[in-house]
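One letter stands for each residue in the lines below.
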Amino acid sequence: MNFFDELFEIINESDITTKFNKFQIFYDKFKANEDINLKRNSPAQELKTPCYASFCDVVSMKEFNKKTKPKDKKLAFIHSVAHIEFSAIDIALDACYRFDNLPRTYYLDWLEVAQDEIRHFNMIENLLKEQGAKYGDLSVHDGLFIALCKTQESLVKRMALLPRYMEANGLDANAHIIQKLQKEGGDKELIGALNVILQEEISHVSKGDKWFKFACKQLNIYPSEYINIIQTLYPNSFKTSRELNEADRLKAGFSKEELEMIKNLQKSQNA
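On a predicted model such as this, the values are computed, not experimentally measured, just so you know.

**Student:** Is there a simple way to think about the overall build of the protein chain in this case?
**Tutor:** Along the backbone of the protein chain there are 11 helices and two strands. Along the protein chain, helices (α) and strands (β) appear in the sequence α-α-β-α-α-α-β-α-α-α-α-α-α when read from the amino end. For the protein chain, whose C-alpha radius of gyration is 18 Å, the value lies close to the compact-globule estimate of 18 Å for 271 residues. Counting only residues that meet the buried cut, the protein chain has 48% of its 271 residues in that class. Surface exposure of the protein chain reaches about 13900 Å², of which carbon and sulfur atoms provide 51%.

Shown next as structure tokens:
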């Protein structure tokens, strides 16, 4: 098994069914073989184009936010969730591909996350099909792919930005959306799917927290550098008025002190 070459092939596979089948074969092989070489023989290849670019109209975040609002808001929302979940598959896979010579448990963690994200995507894709649509029918943004590109060279930045910042933000957003849909008497199947995603993604943020702290220890830096790392990558990162999902963030590894710092930053940046 050539761990890194096979992973790169799966990341770049754009046929969804083939991609998922290749992943399952790869994942089963990895779990069955504890003697796989996890030190690469050649440098990781740079990220250039997301695999979904072959079947989606991809625009920048700035352009995406300017686009005319769709007539069918429910369809647009479900499609946006599908895009997040599909992107999250490659985020987990690239965490394995990009960084070598780490403990086997690191790769097990992120391959498990990839499997979760595939299941989440399939759940949401089924909701799209019920609407007479499929993933790729609407435009998508490249925001998460840009975040991957920004952190190609650094494990500590990757773990800080993708799971511990962006996916943690997802815990906040998802809880808010579920509450809103419940108040409005929204689609029970959609609410159920979002609840599954919310509960399972606490563990994804927790894995990001664990490996962020591992990377900090390797570099001899304090985990309290987290906010500085994020603000260096995205200066307006904490400029949001959305309420933090404190209960789930605490389960995922954030401290109460850290959450207070984030809330204070939100207040100061929105003043």
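**Student:** So what exactly am I meant to see when it comes to helix H11 (residues 256-269) here?
**Tutor:** Note that an α-helix has 3.6 residues per turn; residues three or four places apart therefore point the same way. In a regular helix each residue adds 1.5 Å, so 14 residues correspond to 20 Å; H11 covers 20 Å between its end C-alpha atoms and thus fits that length. Among the structural elements, helix H7 (155-183), helix H9 (226-233) and helix H10 (246-251) are those in contact with the buried residues of H11.

**Student:** Teacher, can you tell me more about the side chain of Asp90 here?
**Tutor:** Its location among the elements puts Asp90 in helix H4 (residues 73-98). Residue Asp90 is classed as buried on the basis of its relative accessible area, which comes to 9%. In contact with Asp90, other than residues within four places in its own chain, are Ile11, Lys19 and Cys51.

**Student:** Help me out: how do you make sense of the side chain of Ser237 in this one?
**Tutor:** Among the secondary structure elements, Ser237 is positioned in the loop between H9 and H10. Overall, the relative accessible area of 8% leaves Ser237 in the buried class. Those residues in contact with Ser237 that sit more than four places away from it in its chain are Tyr165, Ile230 and Gln231.

**Student:** Is there a simple way to think about the packing of H4 against helix H8 (residues 188-219) in this case?
**Tutor:** Each pair of packed helices can be described by the angle between their axes along with the distance between the axes. One way to put it is that H4 packs onto H8 with a least axis distance of 13 Å and a crossing angle of 25 degrees. With respect to H8, the axis of H4 lies roughly parallel. As for how H4 packs across H8, the hand of that crossing is left-handed. Contact residues: H4 offers Phe77, Ile78, Val81 and Glu85, while H8 offers Leu190, Leu194, Ile197 and Glu201.

**Student:** Can you walk me through the confidence of the model for the protein chain in this structure?
**Tutor:** Detail in the predicted coordinates should be disregarded across regions flagged by low pLDDT. Predicted confidence across the protein chain gives a mean pLDDT of 94, with 97% of residues reaching 70 or more. For the protein chain, the element scoring lowest by mean pLDDT is helix H3 (residues 61-66), at 76; H10 scores highest, at 98.

**Student:** Is there a simple way to explain the packing of aromatic side chains in this structure?
**Tutor:** The relation between two aromatic rings is expressed through the spacing of the ring centres and the mutual angle of the planes. Counted under the stated rule, the structure contains 19 aromatic pairs. Seen from their ring centres, Phe20 and Phe86 are 6.4 Å apart, and the 40 degrees between their planes marks the pair as tilted. Taken together, the residues span a long stretch of sequence, with Phe20 in helix H2 (residues 16-32) and Phe86 in helix H4 at a distance of 66 residues. Judged on exposure class, the residue Phe20 and its partner Phe86 are both buried.

**Student:** I keep staring at the environment of Phe4 and nothing clicks. Help me out?
**Tutor:** Structurally, Phe4 can be placed in helix H1 (residues 3-12). Here the alpha-carbon distance between Phe4 and Ala44, two residues 40 residues apart in the chain, equals 8.3 Å. With near-sequence residues (within four places) excluded, Phe4 lies in contact with Asn37, Leu38, Lys39, Arg40, Cys96, Tyr97, Phe99, Asp100 and Tyr107.

**Student:** Can you help me understand unusual backbone geometry in this one?
**Tutor:** A positive phi angle, close to 60 degrees, is found at Asn101, a residue other than glycine. Summarising the element assignment, Asn101 is placed in the loop between H4 and helix H5 (104-130). What makes Asn101 exposed here is its relative accessible area of 51%. Not every positive phi belongs to a glycine, and Asn220 is a case in point at roughly 60 degrees. Given a relative accessible area of 73%, Asn220 falls into the exposed group.

**Student:** How do you make sense of the nonpolar core when you look at a structure like this?
**Tutor:** Nonpolar side chains in soluble globular proteins generally cluster together in the buried interior. Grouped together as the largest cluster of nonpolar side chains are 83 residues, with contacts concentrated most on Phe3, Tyr106 and Leu111. With residues near it in sequence (within four places) discarded, Phe3 still touches Phe26, Phe30, Ile36, Asn37, Leu38, Cys96, Tyr107 and Leu111.

Cut-offs applied
- Residues numbered from 1 in each chain as written.
- Predicted model: local features only at pLDDT ≥ 70, side-chain atom pairs only at ≥ 80, totals over all residues.
- Heavy atoms only, no water.
- Helix = DSSP H or I, 4+ residues; strand = E, 2+ residues; numbered from the N terminus.
- Rg over C-alpha atoms; globule rule 2.2 N^0.38 Å.
- Buried < 20%, exposed > 50% of the residue type's maximum accessible area, 1.4 Å probe, protein only.
- Areas by Shrake-Rupley, 256 points an atom, 1.4 Å probe, with all protein chains shown as cover.
- Expected span 1.5 Å × (residues − 1).
- Contact = heavy atoms within 4.5 Å.
- Axes fitted to C-alpha atoms, helices over the stretch in contact; angles between N-to-C directions.
- Parallel < 35°, antiparallel > 145°, perpendicular 65-115°, else oblique.
- Left-handed = near helix turned anticlockwise from the far one by under 90°.
- pLDDT = per-residue confidence, 0-100.
- Phe/Tyr/Trp six-rings, centres within 6.5 Å; stacked < 30°, edge-to-face > 60°.
- Core = buried A, V, L, I, M, F, W, Y, C linked by side-chain atoms within 4.5 Å.

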